[in-house]
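# Survey of secondary and tertiary structure
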Amino acid sequence: MNIAEYSVVNKVVTWLVVLILVGGGITAYEKIGKLEDPAYTIKEAKVITLYPGATANEVESEVTFHVEDALQQLEQLKRLKMTVNRPGYSEVSIQFQDKYKPEDMPGIYDEVRRKITDMQSKLPPGAMKPIVYDDFADVYGLFIALTGEGYSYRDLKDFADLLKKELVLVDGVRKVVIAGEQHEQVNIFLSRTKLAELGLNPQEIANVLTSQNVASPAGNLRVKDDYIRIHPTGEFDSVQGIGEVLISGDGRQLIRLKDIATIERSYNDEPKLLYYRNGKPALALGLSMQSGTNVVAVGQRIDQRLKELQSVTPMGMQIEAIYDQPSEVENSVNGFVISVLQALLIVVVVLLFFMGVRVGLIIGAVLLITVAGTIWIMEMADMELQRISLGALIIALGMLVDNAIVVAEGMLVRIKSGMNATKAASETVEQTMWPLLGGTVIGIVAFSGIGFSVSSVGEFAGSLFWVILISLSLSWLTAVTTTPLLCALFIKPDKKVEGAKEVDPYAGFLFQAYKKLLLVALRFRWVSVSLVVTLFIVAIIGFGYVKQGFFPDSNTPMFFVDIWEVEGTDIKKTREDTLKVEQFILQQEGVVSTSTVIGGGSLRFTLVYAPESQTAAYAQIIVKTEDCSKIAAIQEKVDEFMRVELPNTEPKIKNLRIGPGRDSKIEARFSGPDQKVLRELSDKAQDIMFTDSEAKDIRDDWRQPVKVIRPVFNEQVGRQLGITRTELTAALKQSSVGNSVGIFRDGNRLLDIVLRSPENERDDVAKLNDIQVYSHILQQTVPVGQVVSGFETVWENNIVRNRNRAHTIIASCNPIGELASPLFNRLRPQIEAIDLPPGYTLEWGGEYEDGREASGPLFSALPGGFLLMIIATILLFGRIRQPLIIWLVVPMAVIGITAGLLITGGAFDFMALLGALSLVGLLIKNAIVLIEEIDLQKEQGKELFQAIVESSVARMRPVMMAASTTILGLIPLLADVFFVNMSIAIMAGLGFATILTLIIIPVLYAIFYKAKYRELA
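Here we summarise the structure given alongside this text. Please read all numbers here as calculations on a predicted model, not as lab measurements.

## Structural notes on the overall build of the protein
When helices and strands are counted, the protein shows 33 helices and 32 strands. Reported as C-alpha extents along the three principal axes, the dimensions of the protein are approximately 135 × 80 × 55 Å. The burial tally for the protein puts 56% of its 1017 residues in the buried class. At a minimum sequence separation of 6, the contacts of the protein that also span at least 24 residues come to 81%. Counting 98 positive and 115 negative side-chain charges, the protein places the averaged centre of each group 6 Å from the other.

## Some words on the packing of aromatic side chains
For the structure shown, the criterion picks out 17 aromatic pairs. Ring geometry for Phe465 and Trp466: centres 4.8 Å apart, planes at 70 degrees, overall edge-to-face. Accessibility expressed as a relative area gives 5% for Phe465, which makes it buried. Taken together, Phe143, Tyr275, Tyr323, Phe560, Phe605 and Tyr609 form an aromatic cluster joined through their ring pairs. Arg881 extends its terminal NZ or CZ atom over the ring of Tyr1009, reaching a point 4.0 Å from the ring centre.

## Overview of the sheet that holds strand 25 (residues 749-756)
Within a beta sheet, neighbouring strands are joined by backbone hydrogen bonds and run either parallel or antiparallel to one another. Strand order in the open sheet made by the four strands is 12-7-25-24, with mixed pairing throughout. Two strands bound the open sheet, and with one partner strand each, they are strand 12 (261-267) and strand 24 (739-746). When the angles between neighbouring strand axes are averaged without regard to direction, this sheet yields 25 degrees. Pairing geometry for strand 24 and strand 25, over seven bridges, is antiparallel. The residue bridging Asp746 from the neighbouring strand is Arg749, located in strand 25. Helix 7 (residues 202-212) rests against strand 7 (184-190), strand 24 and strand 25 of the sheet, and its axis sits at about 165 degrees to strand 25.

## Comments concerning the side chain of Glu91
Structurally, Glu91 is set in strand 3 (residues 89-96). For Glu91, a relative accessible area of 4% gives the class buried. A polar contact of 2.5 Å, which involves the side chain of Glu91, links it to the side chain of Tyr89.

## Here we look at the pattern of salt bridges
Oppositely charged side chains can pair when the atoms bearing their charge come close. In this structure the tally under the stated criterion is 47 salt bridges. Across the pair Arg957 and Glu409 runs a salt bridge whose closest N-O atoms are separated by 2.8 Å. Residue Arg957 is located in helix 32 (residues 944-969), and its partner Glu409 is located in helix 13 (residues 387-416); the two are separated by 548 residues in the primary sequence. Assessed through its relative accessible area of 1%, Glu409 is described here as buried. Through salt bridges with shared partners, one network takes in Arg662, Glu667, Arg669, Arg803, Glu843, Glu849 and Asp850.

## Observations concerning a nonpolar patch on the surface
Where nonpolar side chains cluster on the molecular surface, the patch consists of Val533, Ile537, Ile541, Tyr545 and Leu902 and spans about 520 Å² of accessible area. Among the elements that take part in the nonpolar patch, helix 20 (residues 525-543) stands out by supplying three residues, more than any other. The partly exposed category is assigned to Leu902, whose relative accessible area is 41%.

## Quick word on a negative patch on the surface
A cluster of like negative charges, contributed by Asp674, Glu680, Asp683 and Asp687, occupies part of the molecular surface. Along the polypeptide, Asp674 turns up in the loop between strand 21 (666-671) and helix 23 (675-690).

Conventions used here
Each chain carries its own residue numbering, running from 1 in the written order of its sequence. Reporting of local features is limited, given that this is a predicted model, to residues whose pLDDT is at least 70; pairs of side-chain atoms are given and counted only at 80 or more, and all residues count toward the totals for whole chains, interfaces and linings. Water and hydrogen atoms were dropped before computing side-chain values, which therefore reflect all heavy atoms in the structure. Helix and strand definitions follow DSSP, with helices as H or I runs of at least four residues and strands as E runs of at least two, each counted in order from the N terminus. Relative accessible area decides the class of each residue, using a 1.4 Å probe on protein chains only: under 20% of the type maximum gives buried, over 50% gives exposed, and in between gives partly exposed. Only heavy atoms enter the contact rule, under which two residues are in contact if any of them lie within 4.5 Å. Positive charge is attributed to Lys and Arg, negative charge to Asp and Glu, and no charge count is given to His or to the chain ends. The location of each charge is read from NZ of Lys, CZ of Arg, CG of Asp or CD of Glu. Any two of the Phe, Tyr and Trp rings considered here, Trp counted by its six-membered ring, make a pair once their centres fall within 6.5 Å; the pair's planes then place it as stacked at under 30 degrees, edge-to-face at over 60, or tilted in between. Each ring is checked for a lysine NZ or an arginine CZ that lies within 6 Å of its centre and within 35 degrees of its normal; such an atom marks a charge sitting over the ring. At least two DSSP bridges between two strands are needed for those strands to be called paired. Here the axes come from fitting lines to C-alpha atoms, over the contacting stretch only for helices, and the angles between their N-to-C directions go from 0 to 180 degrees. Pairs of N or O atoms are called polar contacts if they sit within 3.5 Å, as long as, within protein, a hydrogen donor faces a hydrogen acceptor (for residues adjacent in sequence, only side-chain-to-side-chain pairs). Note on definitions: salt bridges are taken to be side-chain nitrogens of Lys or Arg within 4 Å of carboxyl oxygens of Asp or Glu. Within this analysis, patches are made of residues with over 30% relative accessible area and no salt bridge. Like charges are joined at 9 Å or less; nonpolar side chains (Val, Leu, Ile, Met, Phe, Trp, Tyr) at 5 Å or less. Exposure was quantified through the Shrake-Rupley algorithm and a 1.4 Å probe, taking into account, for residues, occlusion by the shown protein chains and nothing else.

So, in structure tokens, the structure goes:
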């Protein structure tokens, strides 16, 4: 008794399995995690070190060198991805090897911290403790803006703190952060004229302020039975109280600070990061979710909590979503579920058309059971419903019925001929079970490349393989258990009329038309083979004209406007220009909202978003539109507006991506020792880019040199006056941005107390000579002009970047059209023709590098997969000729792929590559079914040529149906930008592969076994 016979005889056991699969699937759908895009680990970290007062070159040699040296010792290191050296700022981005899994990362980050801690003794005096950022890859899926007309930043921050405290308690929320907070400080404006008149040393004032407000223990006294704490008065209890501090003036008289200084509490007038929502000042809150949770359910709980907090929300404050991942996930999952249902309906309709109502409904029921079981197993395996896994379900739908079709077809023919249902089940499954298992294994292995690809792209798209593995495995199990039971219950034998002739099940028009075509191909077998080989050669040539891509842009109705001012621009100028652009965008038809961040990138609200480092010359506007169709027109208007109104800016208008990638699709990376030579090489590459009319966003990542004022310190005079370079720099700093001299404690806030000159004394470059610096020898202040021999204005690089410890500059651009490959193919030979001095190298980054890094691990995993498929085919047949026939046909699928992509204008991107690889499994699977039947009929004693023809006719319907269900089931994915090229590749490739299976495989079988042609009735 085989498994099919057992399933038919023991109906209760089979129905129990069905009930478990269906019930488990329905229950799991409510509990399973839901995401928009699959989660993947950003295997990176940053080490940031501040070195105030140092130039970019000093930062590189004195700080970055030691940080890189320590990190280079990490055995987990893939590369020092990029180092940014700015005046007073070092940022080292490190990338870890792709082989490490998410659970390995905490240990790796701990080792990074140990290496950095061990290195700190090598840093110069003045360099601050390095900070290791390992959470910059956190995704804040709910990204909201808090605005309030008439409210101060402090008011907004107070309510934001309340929201943070309440929302972090919501089940499923992992972390809440606040961004855009404006820091307050206490400014003490001291006129240098008054300081000179009174002979005051600013450092003495600073010492008094520092000591006055330090929380320090004064001890305890035992008084009888009490132990009493001592706590002196004198702490600053208000900003006004600072003015009551007594300072020793000239002649040692005591002066109240308020009599010689203006004291006020205000926001830092050089903010680091500013947020705006629809042109209004805002704070941003980012909420990250716990991994493995149902994001949609968490979003509903957050919405409920926000509604409950409305009673304590100040009148006029508004909470608006910049990016609402729970809502996007719900829309995305619902859209994909609709696509799954559409594909399911299409497959069932095809089954009803080909197989008849009864058999079609049987196979449709088996399909639903398999899908439900797949979702159940996914939930148990902690897999989520997201773009890739749901797409995999749609791709799998057509393949899931293949096994059931073969079993149902075999039982249908046998039962109609009068065979007992149990025997029909036993005989059909006995003949087809192992070929179907082999074909299923091969179909699964065809996707194994992405499943075992060790790369970020493999991690991103890896669920495609695992969903295919689960669903196809279940499809084989249900095909040999559930399908026989349903066929036995619902397929009835034809009533025999005495004396009537036995009806040929293959007498229909379609079967006979195919038989005639096959006979012609077999008669002119060498012509048939020659024709296919010719088409193959043409397809290989034609493939060179197919567009190439990596990952497409997202279909989320959102895009970004990046605004780069000239390097060194004040953040106030950046804000002024950015708000002008934002107001223009808000006036455009179809714009729903804008969210602006000035001074750096926003919080990472989706995995594929990479925020820029903080810099005053950068701003970004996040534009949300009514739908995707409006984006192109709005982008064109914004581009024209900025070109006319803000010609000195460098805008970059870009869409939200799907999957890993970067903002610049074409990058020429020059490395070498000399900064001047690197700039020259970059300029040459950019000149080449400018000559191509299809290139835009042309720039390099070192940006422009900046002006620096250099007071030339006269050391001899300084020594005579007792003034050091440190005292000179302190005086200059106080007269410009101010010196922090203490902390004012205000509840949970710590405000810097800053000594600085009044505005009228610090905004005039011509008055630098008049700045006062205190001389300990003269016991009075002297003008800076006495200790400097002059002022120089020089140009220096504000940004120096390294990659793998070598100076590296990147010249980059983007195509005006959608795809980068045509532009890259034109630019590459010209840029590679640039003469590189000895010691300098050119590497290509951008989409070219991303594609190679993604496909490299994929192709490295393919040989093992192909070897398994070859072994499986050999084991199935136990011979060489049959597998050889199959593998000769496999490469021919490129004919359909090339034709499909050229006709539709599609691109051979990464997903299309996966589709092409999956075709191998689909083609082999169908070929096995056909060749197995030929071998079976031949073994049963049929003449060879007759066995070839009749087996092909008998297997035409299963092969055609398997192809039709897969091809037509993919129709819903044609509307999805992520899967469209993959769908085209599979649909066109499988369409032609079906012809190969039904025509060329019988022809090759006849050639290999030297079957003589003869006429058949």
